[in-house]
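Examination of the molecular architecture
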Amino acid sequence: MVKFRTMREVNNMKKETIINEIKESILDIVYPLRCPICDEILVQKSFLPGAPRIKIHEKCMKKITTINEPMCIKCGHQLLDEGLEYCSDCKKISHIFNQGKSLFVYKNEMVKSMYSFKYSNKREYAKFYAEYTYKKYNQWLQRIQPDVIIPVPMHPKKIKKRGYNQSEIYARELSRLTGIPVDNKSLKRVVNTKPLKELTTQQRKNMLKKSFYSENLFNKYKKILLVDDIYTTGSTMDAISEELKIKGIERVYCLSICTGKGY
Ligand SMILES: [Zn+2]
Ligand SMILES: [Zn+2]
């Protein structure tokens, strides 16, 4: 049933937006944003509420490799040849998730940026990652229409040690721009896995089996957007997708800030 908002509700919503924008302006002045590549303070043209803020230096943007068409239609890896549909990975593996996209190739400056984002409390970098996501993939998001954004969960022990889950920080910034809500409660990481870096795809698969647990989601959502910082082989996204699909989700999409080259 469509619920019409009263004038008072609309006015309250406007007031809330204005208050949030003023709060944000003050925060931007007190804690100036830093560039996610060189970590220097960004000089803003305006701190007026609602005015756009610079999130990265132009010269630093040129140093990073963005993912562009042609992309693998399954996982979103960069392809070199227009004539191809799938990357070499997706030709071999049949993924459980429906489709994935990423923003940047995980190399050089982006490796440093991701490291600081994950381990050095540079949570503010998420503002740039999310803004770029919105610019690049808003049309895709509108097409797939996810009901909710779910960040890839970290084991509670790891969160305690690190203080925050970087994927959740990214999810929250993306939610602010897209209006898609975030759910960080329904999906849990129940096994504290070792770093997967050195493992083969099969070893990753075995390790991740039963690592995630979600409540039944039949009545809650149909389409989920999973977000993570780095996509490597897709094993994590597949392990979660398997769990989510068992619990009633029809389609699972993935979005990662960085990915490997894929060719
Ligand atoms: Zn910079
Ligand atoms: Zn692929």
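Residues numbered from 1 in each chain as written. Chains lettered and ligands numbered in written order. Predicted model: local features only at pLDDT ≥ 70, side-chain atom pairs only at ≥ 80, totals over all residues. Heavy atoms only, no water.

Under the annotation held in an unreviewed UniProt entry, the chain carries the name ComF family protein and is attributed to Lachnobacterium bovis.

The sites that carry the UniProt feature "domain: Double zinc ribbon" (unreviewed entry) are, in the present numbering, residues 26–91. For residues 26–91, the helix share is 20%, the strand share is 0%, and the end-to-end C-alpha distance is 50 Å. (UniProt positions renumbered as here; feature names shortened; annotations may be inferred. Helix = DSSP H or I, 4+ residues; strand = E, 2+ residues; numbered from the N terminus.)

At this site the zinc ion (ligand 2) is bound by Cys72 (SG), Cys75 (SG), Cys87 (SG) and Cys90 (SG), with donor distances of 2.3 Å. Every donor counted, the four donor atoms about the zinc ion (ligand 2) form angles of 106 to 116° at the centre, which fits tetrahedral coordination. Binding-site remark: the zinc ion (ligand 2) is held by donors from one chain whose sequence spacing is C-x2-C-x11-C-x2-C. Remark: Cys87 occurs in the loop between α2 (58–61) and α3 (88–92) and Cys75 occurs in the loop between α2 and α3; sequence separation between them is 12 residues. There is no split in this pair, since Cys75 and Cys87 are both buried. (Donors = N, O, S within 2.8 Å, 3.2 Å for Na, K, Ca; no water. Tetrahedral: all angles 85-135°; square planar, octahedral: opposite > 155°, others 65-115°. Buried < 20%, exposed > 50% of the residue type's maximum accessible area, 1.4 Å probe, protein only.)

We now examine the packing of helix α8 (residues 201–208) against helix α9 (residues 235–246). Relative orientation of the contacting elements α8 and α9 amounts to 35°, with a least axis distance of 9 Å. As α8 packs across α9, the resulting crossing turns out to be right-handed. Residues Thr201, Arg204 and Leu208 of α8 lie in contact with α9, whose contacting residues are Ser235, Thr236 and Ala239. The residue makeup of the contact of α8 with α9, split by class, is two nonpolar, three polar and one charged. (Axes fitted to C-alpha atoms, helices over the stretch in contact; angles between N-to-C directions. Left-handed = near helix turned anticlockwise from the far one by under 90°. Contact = heavy atoms within 4.5 Å. Nonpolar A, V, L, I, M, F, W, Y, C, P; charged D, E, K, R; others polar.)

The next point concerns the pairing of strand β6 (residues 251–259). Here β6 lies mainly inside the structure; eight of its nine residues are buried. As judged from the six bridges shared by strand β1 (residues 99–105) and β6, these two strands associate in the parallel manner. When the sheet's bridge partners are listed, Val105 is paired in β6 with Thr259. Relative to β6, strand β5 (residues 223–231) is paired through eight bridges, and the arrangement is parallel. What sits directly across from Leu225, in β6, is Tyr253. (Pairing = 2+ DSSP bridges.)

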